[in-house]
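# Breakdown of the fold
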Amino acid sequence: AALTLLWDVMVSSFVSSLSLWAALVGLWFWFLLVLLWFLLVLSWYLRGIGFLVGVQFFGVRAIQCAVVAETQKKSERELELESRFEQTVKETVDKFQGLNLYVGNLDDSIDDDKPKELFSEFGAIISCKVMRDSSGISKGFGFGGFSTPEEASCAVDAYVVV
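All chains use their own residue numbering, which begins from 1 and follows the written sequence. Where totals are concerned, whole chains, interfaces and linings use all residues; where local detail is concerned, this predicted model gives features only for residues with pLDDT of at least 70, and gives and counts side-chain atom pairs only at 80 or more. As a convention, hydrogens and water are excluded, and side-chain values are obtained from all of the structure's heavy atoms.

### A closer look at the layout of surface pockets
The pocket and cavity definitions rest on a 1 Å grid over protein atoms only: a 1.4 Å probe that fits but cannot leave marks a cavity, an open set with protein on both sides within 12 Å along at least five of seven lines marks a pocket, and residues lining either have an atom within 4 Å of a point. Grid points are joined across faces, edges and corners, and a volume is the space filled by probe spheres set on the points. Computed from the structure, the largest pocket encloses a volume of approximately 400 Å³. Residue lining of the largest pocket: 16 residues in total, with Y102, V103, G104, F119 and Y159 positioned closest to the centre. We count a stretch as a helix when DSSP gives it H or I for four or more residues in a row; a strand needs E for two or more, and each element gets its number in order from the N terminus. Every element with two or more residues in the lining of the largest pocket is listed here: β3 (100-103), α3 (113-119) and α4 (149-159). The leading source of residues in the lining of the largest pocket is α3, at 4 residues. Counted by class, the lining of the largest pocket contains 13 nonpolar, 2 polar and 1 charged residues. Here the nonpolar group is Ala, Val, Leu, Ile, Met, Phe, Trp, Tyr, Cys and Pro; Asp, Glu, Lys and Arg are the charged ones; every other residue, Gly included, is treated as polar.

As structure tokens, this is what we get:
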């Protein structure tokens, strides 16, 4: 009788733990279903400012909504992109101000290595480029970039021909 009672207790506790587990899985399922419905409704309302991304959630497929940007007219977007571009150009110009030198009256036979070799005695050369046309012939000018403005001014002082 004691063994039967022990067996009944074990089976009933096992069944109750299974039903608890099933209840938790059922709650998780309903939570995901409500979340999916909410995100679908939200994405419908926010069509212009969001997108849907599929994610795998413990073997259950769900959808996640991510806000990208405010809806803009084409003219507003173009203005914003233009201002970003101008800001990037300004930052680049400010970064290389006084470091980049123009070199003119170059012979057609001069390649990128010759100016680099000549300018290297004044300091560290960041870049050196002889400009060429589409057929590869030199346009007669180029640019040399130094690491500091002092190095660039030394090179200018040494090679300026008036």
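### Quick word on the nonpolar core
We define a nonpolar core as any set of buried Ala, Val, Leu, Ile, Met, Phe, Trp, Tyr and Cys residues linked to one another through side-chain atoms lying within 4.5 Å. Working definition: with a 1.4 Å probe on protein chains only, accessible area under 20% of the residue-type maximum means buried, over 50% means exposed, and in between means partly exposed. L101, V103, L106, F119, F122, I125, C128, V130, F146, A152 and A155 form the largest nonpolar core, which has 11 residues in total. Elements supplying a minimum of two residues to this core: β3, β4 (125-132) and α4. The greatest single-element share of this core, amounting to 3 residues, is contributed by β4.

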